[in-house]
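The residues making up each chain are set out below.
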Amino acid sequence: MADPIFIGIDTGTQGTKIIAFNRATGRTVASAFAGYPVSADDHGSREQSPQLWIDAIRACFRDIFATVNPADVYAIGVSGQQHGCVALDADGNVLRPAKLWCDTSTVDECREILDRAGGKASLLATTGSDLAVGFTASKVLHFQKHHPDLWQRLATIFLPHDYINFWLTDRRCMEAGDASGTGYFDIHKRAWSPELVRAVDPSGKLAAALPELIAADQPVGKIRSEIAAEFKLPASVLVSSGGGDNMMAAIGTGNVRPGIVTCSLGTSGTLFAFSDRPVTDPNGELAGFCSSSGGWLPLICTMNVTVVTEEIRQLLGLDLKTFDAHVAAAQPGAGGLRFLPYLNGERTPALPRARGTLAGISTTNLTPQNLCRAAMEGATLGLRYGLDILRHQNLIPREIRLVGGGAKSAIWRQLCADIFGCSVVCPVNKEAGALGAALQSIWCLDHAAGHTTPLGNYTDPFIQLDPVTRTSPDPAAARAYDAIYADYLSLNTAMAPWKS
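Treat the numbers as computed from the prediction; the structure is a model and nothing was measured.

So, how was this worked out
- Residues numbered from 1 in each chain as written.
- Predicted model: local features only at pLDDT ≥ 70, side-chain atom pairs only at ≥ 80, totals over all residues.
- Heavy atoms only, no water.
- Helix = DSSP H or I, 4+ residues; strand = E, 2+ residues; numbered from the N terminus.
- Buried < 20%, exposed > 50% of the residue type's maximum accessible area, 1.4 Å probe, protein only.
- Contact = heavy atoms within 4.5 Å.
- Areas by Shrake-Rupley, 256 points an atom, 1.4 Å probe, with all protein chains shown as cover.
- Lys, Arg positive; Asp, Glu negative; His and termini not counted.
- Charge placed at Lys NZ, Arg CZ, Asp CG, Glu CD.
- Patch = residues over 30% accessible without salt bridge, like charges linked within 9 Å, V, L, I, M, F, W, Y side chains within 5 Å.
- Salt bridge = Lys/Arg side-chain N within 4 Å of Asp/Glu carboxyl O.
- Disulfide = S-S within 2.5 Å.
- Pairing = 2+ DSSP bridges.
- Core = buried A, V, L, I, M, F, W, Y, C linked by side-chain atoms within 4.5 Å.

## Points about the overall build of the protein chain
And then number 1: Secondary structure summary: the protein chain contains 18 helices and 24 strands in total.
And then number 2: On the principal axes, the C-alpha backbone points of the protein chain span a range of 70 × 55 × 40 Å.
And then number 3: Evaluated residue by residue, the protein chain yields a buried proportion of 60% over its 500 residues.
And then number 4: Put simply, of all contacts in the protein chain between residues at least 6 apart along the chain, 73% involve residues at least 24 apart.
And then number 5: For the protein chain, the exposed area adds up to about 19000 Å²; of that, 52% sits on carbon and sulfur atoms.
And then number 6: Mean positive and mean negative side-chain charge positions of the protein chain (42 and 48 charges, respectively) differ by 2 Å.

## Re helix α3 (residues 120–127)
And then number 1: L123, L124, T126 and T127 are the residues of α3 that are buried.
And then number 2: Taken together, the buried residues of α3 touch α2 (107–117), β11 (185–186), α8 (194–200) and β19 (287–290).
And then number 3: At the C-terminal side of α3, G128 shows a positive phi close to 75°.

## Brief notes about a nonpolar patch on the surface
And then number 1: On the surface, L358, I361 and L366 cluster together to form a nonpolar patch covering roughly 260 Å² of accessible area.
And then number 2: Relative to the helices and strands, L366 resides in the loop between β22 (357–359) and α14 (368–392).

## Quick notes on the state of the cysteines
And then number 1: Counted according to the given criterion, the structure contains zero disulfides.
And then number 2: You can see C60 has no disulfide; the closest cysteine sulfur is in C102, sitting 20 Å from it.
And then number 3: Accessibility expressed as a relative area gives 0% for C60, which makes it buried.

## Some points on the pairing of strand β17 (residues 260–265)
And then number 1: Burial analysis of β17 places six of its six residues in the buried class, the great majority of the element.
And then number 2: Neither face of β17 is exposed, since I260, T262 and S264 on one face and V261, C263 and L265 on the opposite face are all buried.
And then number 3: Judged from the five bridges that link them, β17 and strand β23 (residues 399–403) form a sheet pairing that is parallel. Across the sheet, V261 pairs through a bridge with I400, a residue of β23.
And then number 4: Of the strand pairs in this sheet, β17 and strand β18 (residues 269–273) are connected by five bridges, and their pairing is antiparallel. In the sheet register, V261 faces β18, and the bridge partner there is A273.
And then number 5: The hairpin turn running from β17 into β18, its antiparallel successor, is three residues long.

## Notes on the nonpolar core
For soluble globular proteins, nonpolar side chains are generally found buried alongside one another.
And then number 1: By size, the foremost hydrophobic cluster in this structure holds 54 residues, and its most contacted members are C263, L265, L390, I400, L402, W412 and F420.
And then number 2: Broken down by element, the residue count for this core peaks at twelve residues, all from α14.
And then number 3: Leaving out residues up to four positions away in the same chain, F420 has contacts with C263, T380, L383, R384, L387, R391, I400 and L415.
And then number 4: Core analysis: the second largest hydrophobic core is formed by 44 residues, C85, A209, V403 and A432 among them.

## Observations regarding the pairing of β19
And then number 1: By the alternation rule, side chains of β19 split into A287 and F289 and G288 and C290, which are all buried.
And then number 2: When β19 meets strand β20 (residues 296–302), the two strands line up antiparallel, connected through four bridges. Paired with C290 across the bridge in β20 is W296.
And then number 3: The loop that links β19 with its antiparallel partner β20 comprises five residues; one of these, G294, has a positive phi angle of about 95°.

## Focus on the pattern of salt bridges
And then number 1: Here the structure, examined in full by the defined rule, presents 22 salt bridges.
And then number 2: Residue E109 pairs with K145 through a salt bridge whose shortest N-O separation is 3.4 Å. Here the residue E109 occupies a position in helix α2, and K145 occupies one in helix α4 (residues 136–146), the gap between them amounting to 36 residues.
And then number 3: Linking R224 and E226 is a salt bridge whose minimum nitrogen-to-oxygen distance equals 3.4 Å.
And then number 4: Within the structure, one salt-bridge network assembled from shared partners comprises E47, R96, K99 and D103.

See the structure below:
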């Protein structure tokens, strides 16, 4: 009898990655990627046709099943970019391109919803988050205002991963993790908030278009017969509840119980930790999401991580190896050079109008080595700011699991350990979102069969950590970075005029 295979789909902004995971061996046996563009304009609009996601999945399936027997597939899980707005009519047709998480064209709608909801404090008490312009709520109001004819045909509002689940199963539903990033979800009751839904749309149209909510361990259903036939999959293949990309990355890094923090060193940065209780930051700098594992996933997002190091690397004409060598050649603190890395503005701390700032320049410290180190330190100090917010909520990491492109750098891993004051390590499997989706599908399949095994019993055997990447803080450097971090906080205070 062949080993059971579980499929993890990770649909992101730039492309879709799919893995085939062998449960018996704990290994990824095949993977495929298909990219697609984002439609953008000068007013902040960032959109994609959901058909691009489906076409990419089909292309990846063809690649995967060229080497993996589709008859061996038991279940499928889906990870999707958070916050996107997918509008469907009663027949399941997509009404217009989906506005994505990175769309900033809905600032006016965001303010309007905040006013209707009674302000930031009222929103925080329900959703655990301030209403970021990237959240789904303002996209819904923008759709209503700018496409009134299409709005009249609205039957369902989905997030990207829910739309893919719908394509796979023909069922309209959603789970709490991704739903908690809409801006109209009550994280305490794990239910839609009637008051916030009315703040987005007093007409009741949105309320009628909200999908059914299901539990994280509950399958959406069996795969549609048409897709089973197209790819020669068994009719019994189950599709799990799935979740947003951060929620699935939490599962894919084993972050399903207290004590672990996942940190992504990508173009932007995220830090998130599992919690067994709802978490609300009174300052609104933390997103109090639910997890896709039955708990909560308080999350911090910074906008400037590898984008900063890449800009400096390209400015100096360095390859990655030479850039890292420059960082290693400089001392902690970069000779007094301080780089506030807000090239894209910043979400955490809340400085949306800020721009990058180089401070502490002298006649002796402006060297390529110090500039490279200051860029990497600045991006990492911003993440330390986010980590301190988690710590203030009593979410104390025993270790931090690093993912993303920056985590490949040994010197950056050491900087993280020194600046965070905590051991860091990288998972062996770099596709955290797709792996998390595959592991959640195993969990859902077993729960559908009557088992009640905790999700940690599925992640622990399969999440392998790379011992070569395990890095502990250097005590002297960690002490030095405490003082450097104080400089960073002082410089942030000076940026206060750029808060709005």
